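# A structural walkthrough
In case you want the letters, here they are:
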Amino acid sequence: MVHRPVLGLDADDTLWENQAHFDTAQGAFRQLLSPWATGEQVDASLLSLERTNIGRYGYGVKSFTLSCVEAAINLTEGTIEAHQISQILSTGQALIDHPVELLPTVADTLHLLGESHRLMLITKGDPTDQHRKILNSGIVDHFWAVEVVREKDPHTYGALLQQHRVEVDQFTMVGNSVPSDVLPVISLGAQAVHIPHHTTWGHEHADDASLVGVDFPVLDSFSELPALLAGRFLA
Ligand SMILES: [Mg+2]
């Protein structure tokens, strides 16, 4: 029996809107701290703390919220008040409670992709948060497998392929993040497609050195994926 090839799909900012909601929350946070720090200072402090805290808290809203609280304490030199901390917590809770908004064309395109590929949703982040979004997305039935991973690195992708008995040359990953969805997959010898989103978290920007000698298709929209894959796998 010949298995269909496997298409790995990132979720946040590939299938549904995510970073834009964080950007809005961060805007409110900048506003809250404006008596103490400039917007640039708030952004820099927060990104630095988020990076430090990935090892402790992982990715996602809870990690973002705890990093905001820590940044607020640092930038106000401990003078932030409880009602202001409470405001930060409310912003985080609103992010968690926000309904899932699929990106345009995703539902129809998944239907087409599922005819030619086994679809594997591969997302990183807080498991509770990610599983809730997956369940509320209304698209879970399209997926052959769903994986919420701690980190998207070559080791994780290699382990997933082994676990699901997928050969490297039968796997293509698609996502909005070059460091998470593209480079680690190409390093394994599999294929990857980049679909940039209109806004990207600072931590997910690839540095120029990591892109030297690496070539991968870049699409404007998720809806262009079936045509690209048809050309690739019919060849
Ligand atoms: Mg993403």
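Residues numbered from 1 in each chain as written. Predicted model: local features only at pLDDT ≥ 70, side-chain atom pairs only at ≥ 80, totals over all residues. Heavy atoms only, no water.

## Some points on helix H3 (residues 61-75)
Across its 15 residues, H3 extends 21 Å between first and last C-alpha, which sits within 8% of the 21 Å expected from 1.5 Å per residue. Where H3 is concerned, the buried positions are Val61, Ser63, Phe64, Thr65, Ser67, Cys68, Val69, Ala71 and Ala72. Its buried side turned inward, H3 meets helix H1 (19-32), helix H2 (39-57), helix H4 (82-97) and helix H6 (127-136). The first or second residue beyond H3 is Glu77, which carries a positive phi of 50 degrees. (Helix = DSSP H or I, 4+ residues; strand = E, 2+ residues; numbered from the N terminus. Expected span 1.5 Å × (residues − 1). Buried < 20%, exposed > 50% of the residue type's maximum accessible area, 1.4 Å probe, protein only. Contact = heavy atoms within 4.5 Å.)

## Quick notes on the sheet that holds strand E3 (residues 145-149)
Read from one edge of the open sheet, 5 strands run E3-E2-E1-E4-E5, paired in parallel fashion. Either end of the sheet is taken by a strand with one partner, and the two such strands are E3 and strand E5 (191-194). Across the sheet, the axes of successive neighbouring strands diverge by a mean angle of 20 degrees, strand direction being ignored. In terms of strand pairing, strand E4 (residues 171-175) meets E5 through 4 bridges, oriented parallel. Its bridge partner lying in E5, Val174 is registered against Val193. Across the sheet, H6 lies against strand E2 (118-124) and E3, angled at about 150 degrees from E3, the strand it touches most. Here helix H7 (residues 154-163) sits on the sheet and contacts E2, E3 and E4; the angle it forms with E3, its principal contact strand, is near 150 degrees. (Pairing = 2+ DSSP bridges. Axes fitted to C-alpha atoms, helices over the stretch in contact; angles between N-to-C directions.)

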